[in-house]
Amino acid sequence: MLKKMLSFSKPDQQDRLPIDIHTVVDELMLLYKKRFRENSIKVHFDLEQEPGLVLGSKDQLRQIFINLFSNAMYAMPDGGDLEISTKIISSKLHIIVRDTGTGIKPEHIHKVFHSFFTTKTESVQGVGLGLSVCYGFIKDHGGDITVESQEGQWTKFTITLPLAED
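Conventions used here
Residues numbered from 1 in each chain as written. Predicted model: local features only at pLDDT ≥ 70, side-chain atom pairs only at ≥ 80, totals over all residues. Heavy atoms only, no water. Helix = DSSP H or I, 4+ residues; strand = E, 2+ residues; numbered from the N terminus. Polar contact = N/O pair within 3.5 Å; in protein donor to acceptor, adjacent residues only side chain to side chain. Contact = heavy atoms within 4.5 Å. Phe/Tyr/Trp six-rings, centres within 6.5 Å; stacked < 30°, edge-to-face > 60°. Buried < 20%, exposed > 50% of the residue type's maximum accessible area, 1.4 Å probe, protein only. Pairing = 2+ DSSP bridges. Axes fitted to C-alpha atoms, helices over the stretch in contact; angles between N-to-C directions. Salt bridge = Lys/Arg side-chain N within 4 Å of Asp/Glu carboxyl O.

Colleague: Go over the side chain of Thr86 with me, naming the residues and quoting the values.
Modeller: With respect to the helices and strands, Thr86 occurs in strand E4 (residues 80-89). In terms of polar contacts, Thr86 uses its side chain to reach the backbone amide nitrogen of Glu48, at 2.8 Å. Residue contacts for Thr86: discarding those within four places in its chain leaves His22, Asp46, Leu47, Glu48, Leu93, His94 and Ile95.

Colleague: Go over the packing of aromatic side chains, please, and point to the residues and values.
Modeller: Taken as a whole, this structure holds six aromatic pairs when the rule is applied. Arranged with centres 5.6 Å apart and planes meeting at 80°, the rings of Tyr32 and Phe69 form a pair that is edge-to-face. In this pair, Tyr32 is assigned in helix H2 (residues 21-38) and Phe69 in helix H3 (residues 58-75), connecting sequence segments 37 residues apart. Residue Tyr32 is classed as buried on the basis of its relative accessible area of 5%. Residue Phe69 is classed as buried on the basis of its relative accessible area, which comes to 0%. Aromatic side chains Phe65 and Phe69 sit 6.1 Å apart centroid to centroid with 40° between the ring planes, which places their arrangement in the tilted category.

Colleague: Please give an account of the sheet that holds strand E6 (residues 144-150) that cites residues and values.
Modeller: Spatial strand order, E2-E4-E5-E7-E6: five strands in an open sheet with mixed pairing. Edge positions in the sheet fall to strand E2 (41-46) and E6, since each of these pairs with one other strand and no more. Neighbour to neighbour, the strand axes of the sheet diverge by 15° on average, direction disregarded. Where E2 lies against E4, six bridges are found, and the strand directions are parallel. Following the sheet pairing, Val43 is matched in E4 by Leu82. Set on the sheet, H2 makes contact with E2, E4, strand E5 (92-99) and strand E7 (154-162); between it and E2 the angle comes to about 160°.

Colleague: Could you give an account of unusual backbone geometry, naming the residues involved and the relevant values?
Modeller: Although it is not a glycine, Ser90 adopts a positive phi angle of roughly 50°. Mapped onto the secondary structure, Ser90 falls in the loop between E4 and E5. Its relative accessible area of 66% is what places Ser90 among the exposed residues.

Colleague: Which residues make up the pattern of salt bridges, and what values do they have?
Modeller: Taken as a whole and judged by the stated rule, the model has seven salt bridges. We note a salt bridge from Lys58 to Glu27, for which the minimum N-O separation is 3.3 Å. Note that Lys58 is positioned in helix H3 and Glu27 in helix H2, a separation of 31 residues in sequence. Taking relative accessible area as the criterion, Glu27 reaches 29% and is therefore assigned partly exposed. A salt bridge links Arg62 to Glu27; the nearest nitrogen and oxygen atoms lie 3.2 Å apart. Residue Arg62 is located in helix H3, and its partner Glu27 is located in helix H2; the two are separated by 35 residues in the primary sequence. Judged by its relative accessible area of 26%, Arg62 is partly exposed.

Colleague: Provide a residue-level description of the pairing of E6, including the pertinent values.
Modeller: Summarising the sheet, E6 and E7 pair through seven bridges and their orientation is antiparallel. Its bridge partner lying in E7, Asp144 is registered against Thr160. Between the antiparallel neighbours E6 and E7 lie three residues, among them Gly152 with a positive phi of about 80°.

Okay, here's the thing in C-alpha cells:
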C-alpha cells in the first residue's frame, strides 16, 4: 500500500536533463512570492554565481522545493526569514534552505524523513509523506539531504546533488 501511495504522489518520471537549480527556485518563487508576503516571510538569497547543472527530473526537483517551502511556511505562522543558498563543493551542488521557524524537537529530528511521520496536529495539514518523498527523489538523483534544527529558533535542510559532467 505504501509503495502505491508513494508512486501516486511521485510526479511522472522523465529523462534526466541538465537543469539549473536556480531556474527551478526562480519559477517557484513566482508562485510563492505572494504567499510568503501575506505570511510576513522575508526571503533571502545567497546563490552561487555559476551553480552548474545537475542531471535531473524538473518535476521531482520542483516537488522537493514545494515541500520545503510549504513546511517552512507552516513552521513560521507569525512570519520570519527564509534563506536559500547554493554553493559548489567537490563537484557537488549544495542547496541550503533555512527558516527561522519553530524548529524541530531533538527527539523528532531523526524521524523527519520517515514515511507517515508528522508533527502537524490538524489532519488536513499533512500525512507525513512530504519529506519522505523528497528524500526518495534526492536519493534517486544520486544526492543526499540532511537536517539540522534548534527547537524554537530555526531549521536547515541541506541538499547535495552531483553536478552534471560536461
